[in-house]
Amino acid sequence: MIQKIRLYAQLIKFEHTIFAIPFVLAAVFIVEKGLPPWDKVFWILVAAVAGRTAGMAFNRFFDLPFDRLNPRSKNWVSVTGAVKAGEIIALAIVSSGILVFAAYQLNKLAFYLSPVAIALLIIYPLGKRFTDFVHLILGAVYFIIPIAVSVALKGSVELSTVFLGLGMAFWVAGFDIFYALQDIEFDRKVGVHSIPARFGVRKAIMFARTFHILTLVFLILTGIYAGLGVIYFSGLGVLAGFLVYEHSLIKENDLSKINMAFFTINGYVSILYMVFVIADIYIKL
């Protein structure tokens with residue numbers, strides 16, 4: 001059983017949940033200007049983890065025809081058969097069910113809107129078959145996260161969470177472009193759509209830079225409309241430095257540091273954003 005759990009964790013790359021959860025908690029504090037009842041936090045986190053698990057499982061299931069051909073993914077548990085295709089789709093369905101149940105525990109509006117999130121989780125891996133801008137579909141998944149938090153806590157959508165959603169959308173779309181740089185030749189060969197495959201390395205990097213500039217713009221607007229202060233905006237300066245450093249690692253003629261940029265720097269960005277939001281709320285300067 002423990003070995004099976006480890007295989008499932010490898011399948012969905014559970015450790016990468018760090019990209020989303022800090023932003024979820026940041027949204028909670030922005031909406032509540034503090035910490036809401038623990039049961040609300042619990043079900044929001046359950047929904048977030050279940051949603052990400054479902055998304056990764058759907059992604060692995062629908063990508064199987066490509067992953068079996070890609071040398072980079074030849075040792076993945078989905079490709080080797082350590083986790084079978086039937087188990088992958090079962091995990092996706094069960095996780096989707098948990099997401100819907102968690103939404104029901106929050107309020108009726110969250111429950112009614114939960115299928116929208118699931119639909120986006122399915123559309124993203126399928127989008128690689130028909131649009132070069134598939135990264136923005138993944139961005140749309142992250143766009144709805146803070147909006148969902150607002151719906152869960154208030155039963156309505158606060159403008160600050162719309163801007164936070166846009167910031168998150170362009171953040172994840174930008175680093176998804178970086179991730180796709182690893183497979184640019186393979187994607188062109190088998191017909192997988194992406195911005196790097198369509199436009200090449202140099203232009204793809206420019207797309208990512210533009211998206212991350214937009215991230216900072218929308219995070220500034222988030223702070224303005226959420227009434228945040230000095231600590232928050234000073235923190236955005238720190239995050240901007242991390243994003244600049246991330247982009248300095250990715251060069252047109254040297255893509256060897258993609259994993260460091262993707263896995264390490266983005267983890268710092270999400271955690272630090274949460275820290276600055278909470279600090280600003282509790283420490284007024």
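A quick note: this is a predicted structure, and the numbers were derived from the prediction, not measured.

Here is what the cut-offs are and how they apply
- Residues numbered from 1 in each chain as written.
- Predicted model: local features only at pLDDT ≥ 70, side-chain atom pairs only at ≥ 80, totals over all residues.
- Heavy atoms only, no water.
- Helix = DSSP H or I, 4+ residues; strand = E, 2+ residues; numbered from the N terminus.
- Rg over C-alpha atoms; globule rule 2.2 N^0.38 Å.
- Contact = heavy atoms within 4.5 Å.
- Lys, Arg positive; Asp, Glu negative; His and termini not counted.
- Charge placed at Lys NZ, Arg CZ, Asp CG, Glu CD.
- Phe/Tyr/Trp six-rings, centres within 6.5 Å; stacked < 30°, edge-to-face > 60°.
- Buried < 20%, exposed > 50% of the residue type's maximum accessible area, 1.4 Å probe, protein only.
- Lys NZ or Arg CZ within 6 Å of the ring centre and 35° of its normal.
- Patch = residues over 30% accessible without salt bridge, like charges linked within 9 Å, V, L, I, M, F, W, Y side chains within 5 Å.
- Areas by Shrake-Rupley, 256 points an atom, 1.4 Å probe, with all protein chains shown as cover.
- Salt bridge = Lys/Arg side-chain N within 4 Å of Asp/Glu carboxyl O.

1. A look at the overall build of the chain
Move 1: If you tally the helices and strands in the chain, you get 13 helices and zero strands.
Move 2: In sequence order, the chain lays out its α and β elements as α-α-α-α-α-α-α-α-α-α-α-α-α.
Move 3: Relative to the globule expectation of 19 Å for 285 residues, the C-alpha radius of gyration of the chain, 19 Å, shows essentially globular dimensions.
Move 4: Considered along the principal axes of its C-alpha atoms, the chain spans approximately 55 × 40 × 35 Å.
Move 5: The contacts of the chain with a sequence gap of at least 6 include a subset with a gap of at least 24, amounting to 73%.
Move 6: Put simply, the chain has 24 plus and 16 minus side-chain charges, and the middle of one group is 3 Å from the middle of the other.

2. A closer look at the packing of aromatic side chains
Move 1: Counting across every chain of the model gives 21 aromatic pairs.
Move 2: Relative to Phe111, the ring of Tyr104 has its centre 5.3 Å away and its plane inclined at 80 degrees; by these criteria the two rings are edge-to-face.
Move 3: Relative accessible area serves as the criterion here: at 29%, Phe111 is assigned to the partly exposed category.
Move 4: Within the aromatic cluster, the residues linked to one another by ring pairs are Phe133, Phe163, Phe170, Phe199, Phe207, Phe211, Phe218 and Tyr225.
Move 5: Note that Arg198 overlies the ring of Phe199, its terminal NZ or CZ placed 4.9 Å from the centroid.

3. Here we look at the environment of Val277
Move 1: Mapped onto the fold, Val277 is located in helix H13 (residues 258-282).
Move 2: Exposure remark for Val277: the relative accessible area of 0% places this residue in the buried category.
Move 3: Separated by 145 residues in the primary sequence, Val277 and Asp132 place their C-alpha atoms 34 Å from one another.
Move 4: Apart from residues lying up to four places away in sequence, Val277 is in contact with Ala26, Phe29, Ile30 and Tyr232.

4. A look at a nonpolar patch on the surface
Move 1: Judged by side-chain polarity, Leu159, Ile220, Ile224, Tyr225 and Phe233 come together as a nonpolar surface patch covering roughly 470 Å² of accessible area.
Move 2: Element by element, the count of residues in the nonpolar patch is highest for helix H11 (residues 201-226), at three residues.
Move 3: Structurally, the position occupied by Tyr225 is in helix H11.

5. Focus: unusual backbone geometry
Move 1: Unusually for a residue other than glycine, Lys33 sits at a positive phi of about 55 degrees.
Move 2: Following the sequence through the fold, Lys33 ends up in the loop between helix H2 (21-32) and helix H3 (38-67).
Move 3: Judged by its relative accessible area of 42%, Lys33 is partly exposed.

6. Details of the environment of Ile93
Move 1: Note on placement: Ile93 falls in helix H5 (residues 85-106).
Move 2: Between the C-alpha atom of Ile93 and that of Tyr225, which follows or precedes it by 132 residues, the distance is 37 Å.

7. Quick look at the pattern of salt bridges
Move 1: Under the criterion given, the structure shown has five salt bridges.
Move 2: Across the salt bridge formed by Arg72 and Asp183, the nearest N and O atoms sit 2.6 Å from each other. Pair noted here: Arg72 is in the loop between H3 and helix H4 (77-80) and Asp183 is in the loop between helix H8 (159-180) and helix H9 (184-190), with a separation of 111 residues, a long-range link.
Move 3: Judged by its relative accessible area of 29%, Arg72 falls in the partly exposed class.
Move 4: Put simply, Asp132 and Arg198 hold a salt bridge, and the shortest N to O gap is 3.8 Å. Here Asp132, found in the loop between helix H6 (108-127) and helix H7 (134-154), pairs with Arg198, found in helix H10 (residues 195-199); they are 66 residues apart in sequence, far enough to count as distant.
Move 5: The class for Asp132 is buried, based on a relative accessible area of 18%.

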